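Inside the fold
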Amino acid sequence: MTTWRAATVASTARLTSTARSIVLDVPGWQGNLAGQHLDLRLTAEDGYQAVRSYSIASVGPGQLVELGVDKVVDGEVSPYLVDEVRAGDQLEIRGPLGGWFVWRPADVGPVQLVAGGSGIVPLAAMIRARRTSSSVAPFRLLYSARTPDDVLFAPELDNAGDVEITFAYTRRAPDGFARKPKRLDRTDLAELTLPPADDLTVFVCGPTGFVEAVADGLVSLGHDPARVKTERFGGA
Amino acid sequence: MAVISRGFGGRRRRAEEDLPPGQYLTEDFPVLSAGPTPVVDTAEWEFVIQTETGARHRWSWDELQALPIEEITKDIHCVTRWSKLETTWRGVSLDTLFEQVETAYDYVLAHSYGGYTTNLPLEDLLDGKAWIAFEYDDSPLAPEHGGPARLLVPHLYFWKSAKWVHGLVMQTDDEPGFWEQNGYHLYGDPWLEQRYS
Ligand SMILES: Cc1cc2nc3c(=O)[nH]c(=O)nc-3n(C[C@H](O)[C@H](O)[C@H](O)COP(=O)(O)OP(=O)(O)OC[C@H]3O[C@@H](n4cnc5c(N)ncnc54)[C@H](O)[C@@H]3O)c2cc1C
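Rules and cut-offs
- Residues numbered from 1 in each chain as written.
- Chains lettered and ligands numbered in written order.
- Predicted model: local features only at pLDDT ≥ 70, side-chain atom pairs only at ≥ 80, totals over all residues.
- Heavy atoms only, no water.
- Helix = DSSP H or I, 4+ residues; strand = E, 2+ residues; numbered from the N terminus.
- Rg over C-alpha atoms; globule rule 2.2 N^0.38 Å.
- Buried < 20%, exposed > 50% of the residue type's maximum accessible area, 1.4 Å probe, protein only.
- Contact = heavy atoms within 4.5 Å.
- Areas by Shrake-Rupley, 256 points an atom, 1.4 Å probe, with all protein chains shown as cover.
- Lys, Arg positive; Asp, Glu negative; His and termini not counted.
- Charge placed at Lys NZ, Arg CZ, Asp CG, Glu CD.
- Buried area = accessible area lost by both parts, 1.4 Å probe.
- Salt bridge = Lys/Arg side-chain N within 4 Å of Asp/Glu carboxyl O.
- Polar contact = N/O pair within 3.5 Å; in protein donor to acceptor, adjacent residues only side chain to side chain.
- Core = buried A, V, L, I, M, F, W, Y, C linked by side-chain atoms within 4.5 Å.
- UniProt positions renumbered as here; feature names shortened; annotations may be inferred.
- Near = heavy atom within 4 Å.
- Nonpolar A, V, L, I, M, F, W, Y, C, P; charged D, E, K, R; others polar.

Once that is clear, we can look at the overall build of chain B. In terms of regular secondary structure, chain B is built from three helices and eleven strands. Mapped in sequence order, the helices and strands of chain B form the string β-β-β-α-β-β-α-β-β-β-β-β-β-α. Computed over the C-alpha atoms, the radius of gyration of chain B is 17 Å, within 12% of the 16 Å expected from 2.2 N^0.38 for a compact globule of 197 residues. For the C-alpha atoms alone, the extent of chain B along its principal axes is close to 60 × 35 × 30 Å. Within chain B, buried positions represent 54% of all 197 residues. Taking the contacts inside chain B whose residues are at least 6 apart along the sequence as the reference set, 65% of them involve residues at least 24 apart. When the accessible surface of chain B is totalled, it reaches about 8,800 Å², and 47% of it is carbon and sulfur. Between the averaged position of the 16 positive side-chain charges in chain B and that of its 32 negative side-chain charges there is a distance of 11 Å.

As a further point, take the interface of chain B and chain A. For interface size, the figure often reported is the accessible area lost on association. Residue-level contacts link 30 residues of chain B with 42 residues of chain A. Interface area for chain B against chain A, summed over the two sides, is near 3,100 Å², with a carbon-plus-sulfur share of 52%. Here Glu193 of chain B ties to Arg94 of chain A by a salt bridge, and the two come within 3.9 Å at their closest N and O atoms. Across the chain B-chain A interface, the total number found is 16 residue pairs in polar contact (both at pLDDT 80 or more).

The next thing to look at is the nonpolar core. Counting residues in hydrophobic clusters, the biggest one holds 40 residues, and the most contacted among them are Trp45, Phe47, Leu94, Leu97, Ile132, Leu151 and Leu168 of chain B. Leaving out residues up to four positions away in the same chain, Trp45 of chain B has contacts with Val40, Trp59, Ser60, Trp61, Leu64, Tyr113, Ile132, Pro148, Ala149 and Val165 of chain B. Membership of the second largest hydrophobic core comes to 32 residues, among which are Ala19, Ala34, Ala115 and Ala125 of chain A.

Let's shift gears to the UniProt feature "domain: Oxidoreductase molybdopterin-binding" (unreviewed entry) in chain B. The positions that UniProt labels "domain: Oxidoreductase molybdopterin-binding" (unreviewed entry) are, in the present scheme, residues 35-179 of chain B. Taken end to end, residues 35-179 of chain B comprises 8% helix and 41% strand; its first and last C-alpha atoms sit 12 Å apart.

Residues and elements named next belong to chain B. Tracing the backbone shows Thr87 in strand 5 (residues 82-93). Looking at Thr87, its side chain comes within polar contact range of the side chain of Trp89, at 2.8 Å. Ignoring anything within four residues of it in the chain, the contact list for Thr87 reads Ile72, Thr73, Lys74, Ile76 and Tyr136.

The ligand sits among 24 residues. The nearest are Ser53, Tyr54, Val77 and Ser78 of chain A together with Asp28 of chain B. Contact distances for the ligand include 2.8 Å between an oxygen atom and a backbone N or O atom of Val77 of chain A. Here a nitrogen atom of the ligand and a backbone polar atom of Phe233 of chain A are 3.3 Å apart. Surface burial for the ligand is 81%, taken as the share of its 900 Å² of free accessible area covered by protein chains. Mapped by element, the contributors of at least two residues to the shell around the ligand are strand 4 (49-55), strand 5 (64-70), helix 1 (78-84) and strand 11 (228-232) of chain A. Per-element accounting of the shell around the ligand gives the leading share, four residues, to strand 4 of chain A. Grouping the constituent residues of the shell around the ligand by class yields eight nonpolar, nine polar and seven charged.

Below, the structure written as structure tokens:
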């Protein structure tokens, strides 16, 4: 698990104007838990290397591993992954990594997912893992995105069966959408997420500032901090 | 095996030569935590070292502030790959705290408010290698960075520098703490790139 392996880009697909799905072919991949991430390493012609972490959107057997990458303007790695990389290109990965921010099909308790932007990636993996395992654990997702055009995996989320999904927008909402565009606040969390409960697990993922604000809000609403699991992607 | 990523040029940053393998320089101070940020009031804060006899050496916030305070300038390295050079802190050396502590055990498990734990060999905390830090960059340490006080062990990956530190329990063995149970290395030397178990 700790060694670098070569991966080949099998396919890519636009998710939004700034985000892309990248499917890697990783010989020897042993599968992963929903919520885990991998380290991805790029090497330039002259040997210069850069490494970043990316959550894994896919679950289940097979050696195809899907990532969802949103472009950070002025970033070093994400613009390459979103705009440049194409099928057949090679890079290296190490993983799967992380054993805390994970959901297992054997976990029967209710689950509240809260995503900000590309923070949907590991949570989408949890929704996929729930579906493929026929789990009946109650799942609810609150997904904050800039605009309706910035929702990653939109078609899939529209068909997520009995997962209760609520969208919230920070810049522009669809016509007729009741909630005005703004960041999630404590009132939103009280109205749009499951209330505190002993068997509830909450997963919060997104940019660091988003995770800080949401996790603080949840604790102030009475959630047990030990049941609020967070993944901070970086940035402000 | 050379795997070249076609079309990747990279944006070289300064002074990467001075960093442990696989790290890059950042000017930011990113946050890595497993859950929400605990809020700890200094009026209730205490730091406790517990030994094999059950003895509990305890310092309140004011008692800690009355001990000799050191200014610390160190490079720090996070397992999520950012490094920050010459960060400045104020805090109390673990050497000062351990002056009063008798123990034959070689390991500690650091405990934090909020339930976080991390394991370290005692020798990595002594001889000027570790502090209880409560100021960063001339300001009180912010809660998301571990305030009111965190362990500062800059020669290991930064997850060993337990935020919101509450105390140390002496151990006979090197029992894994929170991240160490969740896939991270038992020791965590950045120069040997001991990231994962
Ligand atoms: C465990 C983990 C999982 C992650 N999973 C994903 C994922 O599934 N999809 C995804 O798109 N990203 C994910 N990230 C973020 C990713 O690792 C990179 O940080 C991101 O792609 C930016 O890299 P870069 O090289 O383009 O930018 P850099 O060159 O590293 O940074 C440029 C500037 O952008 C800021 N910045 C860095 N990261 C972010 C961010 N996330 N948001 C806003 N500003 C930022 C930096 O502070 C810096 O000022 C994850 C991060 C972690 C720690």
